[in-house]
Amino acid sequence: MQAAVQFVHEQLTAKKELPSFKAGDNVTVNYKIVEGGKERIQSFRGDVIKLQGVGATASFTVRKISDGVGVERLFPMLSPNIESVVLNKKGKVRRAKLFYLRERSGKSARIKEKRF
């Protein structure tokens, strides 16, 4: 019974195929914005500073510097407004939550790229 309910739920909720990314990665999130009756896509490029939650409540936070001011935006993973997520760079970090970047600026706020 439980399996049948879960199967129907999975069929109804269209699951987005997001690339696998983690904290420290540089991503571009293409997000649908509704202004009046019009809909447009705005891209938000920055570093992922945290992933949180599981399943329907999962979300990730992206941080960028805009005109010298730090801007953070939280995106729900299963949001229908997320058009796509593009992975630009893999970051080389040693922790899961990068809140220390909030206090940093300039060169110390950079994240090294992971080489393959």
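Located above this text is the structure these notes cover.
Residues numbered from 1 in each chain as written. Predicted model: local features only at pLDDT ≥ 70, side-chain atom pairs only at ≥ 80, totals over all residues. Heavy atoms only, no water.

Next up on the list: the overall build of the protein chain. Helices and strands together make up the secondary structure of the protein chain, namely 1 helix and 5 strands. In the protein chain, the succession of helices and strands from N to C terminus is α-β-β-β-β-β. Counting only C-alpha atoms and orienting by the principal axes, one finds that the protein chain spans roughly 55 × 40 × 25 Å. Counting only contacts in the protein chain whose residues sit at least 6 apart along the sequence, the fraction spanning at least 24 positions is 51%. Accessible surface, the protein chain: about 8500 Å² in total, of which carbon and sulfur atoms supply 51%. Here the protein chain contributes 24 positively and 11 negatively charged side chains, and the mean placements of these two sets differ by 8 Å. (Helix = DSSP H or I, 4+ residues; strand = E, 2+ residues; numbered from the N terminus. Contact = heavy atoms within 4.5 Å. Areas by Shrake-Rupley, 256 points an atom, 1.4 Å probe, with all protein chains shown as cover. Lys, Arg positive; Asp, Glu negative; His and termini not counted. Charge placed at Lys NZ, Arg CZ, Asp CG, Glu CD.)

As defined by bridge partners, strand 1 (residues 26-35) adjoins strand 2 (residues 38-52) across 10 bridges and the pair is classed as antiparallel. When the bridges of strand 2 are listed, Tyr 31 appears paired with Gln 42. What sits between strand 1 and strand 2 in their antiparallel hairpin is a turn of 2 residues, with Gly 36 showing a positive phi close to 65°. Here strand 2 runs beside strand 3 (residues 59-66); their pairing, made up of 5 bridges, is antiparallel. For Lys 50, the partnering residue across the bridge sits in strand 3 and is Thr 61. Linking strand 2 back to strand 3 in an antiparallel pair, the connection comprises 6 residues, with Gly 53 at a positive phi of about 80°. (Pairing = 2+ DSSP bridges.)

By the element assignment, Thr 28 lies in strand 1. Here the side chain of Thr 28 touches Asn 88 through a polar contact of 2.8 Å, side chain to side chain. With near-sequence residues (within four places) excluded, Thr 28 lies in contact with Ser 43, Phe 44, Arg 45, Ser 84, Val 85, Val 86 and Asn 88. (Polar contact = N/O pair within 3.5 Å; in protein donor to acceptor, adjacent residues only side chain to side chain.)

Here we take up the nonpolar core. Counting residues in hydrophobic clusters, the biggest one holds 14 residues, and the most contacted among them are Val 29, Phe 60, Val 62 and Phe 75. The biggest single contributor to this core is strand 1, with 4 residues. (Core = buried A, V, L, I, M, F, W, Y, C linked by side-chain atoms within 4.5 Å. Buried < 20%, exposed > 50% of the residue type's maximum accessible area, 1.4 Å probe, protein only.)

With that out of the way, let us pick up a positive patch on the surface. Residues Lys 92, Arg 94, Arg 95 and Lys 112 make up a contiguous surface patch of positive charge. Topologically, Lys 112 is positioned in the segment after strand 5 (82-89). Given the relative accessible area of 63%, Lys 112 is considered exposed. (Patch = residues over 30% accessible without salt bridge, like charges linked within 9 Å, V, L, I, M, F, W, Y side chains within 5 Å. Salt bridge = Lys/Arg side-chain N within 4 Å of Asp/Glu carboxyl O.)

Across all of its chains, the model carries 5 salt bridges by this definition. In this structure, Asp 25 engages Lys 90 in a salt bridge whose closest nitrogen and oxygen atoms are separated by 3.7 Å. In this pair, Asp 25 is assigned in the loop between helix 1 (2-12) and strand 1 and Lys 90 in the segment after strand 5, connecting sequence segments 65 residues apart. Between Glu 83 and Lys 32 there is a salt bridge, with its nearest N and O atoms 3.9 Å apart. Taken together, the residues Glu 83 in strand 5 and Lys 32 in strand 1 connect sequence positions 51 residues apart. Under the relative-accessibility criterion, Glu 83 is labelled partly exposed at 39%. Connected through salt bridges with shared partners, the residues Arg 63, Glu 72 and Arg 102 form a single ionic network.

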